[in-house]
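As a plain string of letters, each chain reads:
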Amino acid sequence: MSIVVPGEHVPAQHVNLKLGPGLIQLSQTSTPKSSIISTRAGTLHHSANGSKWWVESNARRYVPAPQESVIGVVTQKAGEGFRVDIGSAHPASLDGLAFEGASKRNRPNLKIGSLVYARVSLAHKDMEPELECFDAQTRKSEGFGELKGGFMVRCSLGMCRKLLNPNNFLLPLLGAKIPLEVAVGMNGRVWINSKETRHTIAISRCIEAADPDGEGMGEAEMKKFLGTLDI
């Protein structure tokens, strides 16, 4: 893990290389090789086998990246699809057929204000992002689709990445005390659903308290904080 700044060259190499947020590959006409540079300041990360590289930064505005999971709010019906707010500079488009089992006669009936858990299928600086609510290979929902009920919490982009880290303490700690459903979007939004309203409120307060942009509570502090809540 190292710190990179915009324009800095990154030594990312792999047969099946995949670039995540904060990195771009530039073709060089003078050489058959390509150059990979950082487009944002942050910490450089890569997967264990070095096939996926990305830059983590706690930016305020979400910048869509392919294959990232996001939580969006339907803002408009547009032809055969929907316009969705995902917190980026431009709204995203969601095709009415980009759902498991969807057909021209059987489309999801999303309302204005509906929440959807989706994957970014297309992200380009010169085009509006596109979403899909299924796995493109299996055509199964794989957990994506409309989020019914529950409550959406906003947090920092850095906090979302922490929640998606399987080694992070917070969700296992909460799950051991409260029955819950959680969907984490990389765009600074977390959907939580629990049987009791007081539990939903407690979960949202814990996420806010653990956020690096807030109090940034660690595991020991969080256990004490949980003891003060009505759960």
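Residues numbered from 1 in each chain as written. Predicted model: local features only at pLDDT ≥ 70, side-chain atom pairs only at ≥ 80, totals over all residues. Heavy atoms only, no water.

1. Focus on the nonpolar core
Counting 28 residues, the largest nonpolar core has Val-84, Leu-94 and Leu-131 as the members making the most contacts within it. Listed by contribution, the elements that provide at least two residues to this core are strand E7 (69-78), strand E8 (81-85), strand E9 (92-99), strand E10 (115-124) and strand E11 (127-133). Ranked by residues supplied to this core, first place goes to E10 with 5 residues. Leu-131 has contacts with Val-70, Val-84, Ile-86, Ala-92, Ser-93, Leu-94, Asp-95, Ala-98, Ala-118, Arg-119, Val-120 and Ser-121, leaving out every residue within four places of it along the chain. (Core = buried A, V, L, I, M, F, W, Y, C linked by side-chain atoms within 4.5 Å. Buried < 20%, exposed > 50% of the residue type's maximum accessible area, 1.4 Å probe, protein only. Helix = DSSP H or I, 4+ residues; strand = E, 2+ residues; numbered from the N terminus. Contact = heavy atoms within 4.5 Å.)

2. Thoughts on the pattern of salt bridges
A full pass over the atoms with the stated rule returns 7 salt bridges. For Glu-128, the salt bridge is made with Arg-83, and the minimal N-O distance between the two is 2.7 Å. Of this pair, Glu-128 sits in strand E11 while Arg-83 is found in strand E8, placing the two residues 45 residues apart along the sequence. For Glu-128, a relative accessible area of 32% gives the class partly exposed. (Salt bridge = Lys/Arg side-chain N within 4 Å of Asp/Glu carboxyl O.)

3. Describing the UniProt feature "domain: K Homology" (unreviewed entry) in the protein chain
UniProt's entry tags residues 150-197 with the feature "domain: K Homology" (unreviewed entry), counted in the numbering of this structure. Spanning residues 150-197, this segment combines 31% helix with 29% strand, and its end C-alpha atoms are found 9 Å apart. (UniProt positions renumbered as here; feature names shortened; annotations may be inferred.)

4. Quick notes on the domain arrangement of the protein chain
When the domains of the protein chain are assigned, the result is domain 1 (2-56), domain 2 (68-147) and domain 3 (151-228). Computed over C-alpha atoms only, the centres of domain 1 and domain 3 are separated by 31 Å. (Domains from an automatic or database assignment.)

5. Here's the deal with the environment of Leu-17
Relative to the helices and strands, Leu-17 resides in the loop between strand E1 (2-4) and strand E2 (18-19). Considered as a pair, Leu-17 and Gly-50 are 33 residues apart in the sequence and their alpha carbons are 7.8 Å apart. Discounting chain neighbours no more than four positions away, the residues touching Leu-17 are Ala-12, Ile-36, Gly-50, Ser-51 and Trp-53.

6. Topic: the environment of Ile-3
Of note, Ile-3 is situated in strand E1. Classification of Ile-3 as exposed rests on a relative accessible area of 62%. Sequence spacing of Ile-3 and Val-184 is 181 residues, and the spatial spacing of their C-alpha atoms is 26 Å. Those residues in contact with Ile-3 that sit more than four places away from it in its chain are Glu-8, Gly-42 and Thr-43.

7. Describing the sheet that holds E2
Strands belonging to one sheet form pairs held by backbone hydrogen bonds; the direction of such a pair is parallel or antiparallel. Taken together, the 4 strands give an open sheet; going across it, the order is E1-E5-E6-E2, and neighbouring strands pair in mixed fashion. The two strands at the open ends of the sheet, each matched to only one other strand, are E1 and E2. Here E1 pairs with strand E5 (residues 42-46) via 3 bridges, running antiparallel. Residue pairing across strands places Val-4 opposite Gly-42, the latter belonging to E5. (Pairing = 2+ DSSP bridges.)

8. Considerations on the pairing of strand E14 (residues 181-185)
Across 5 bridges, the pairing between E14 and strand E15 (residues 189-193) is antiparallel. The residue of E15 that forms the bridge with Val-182 is Ile-192. Counted along the chain from E14 to the antiparallel partner E15, the turn is 3 residues long, and its residue Gly-188 has a positive phi close to 80 degrees.

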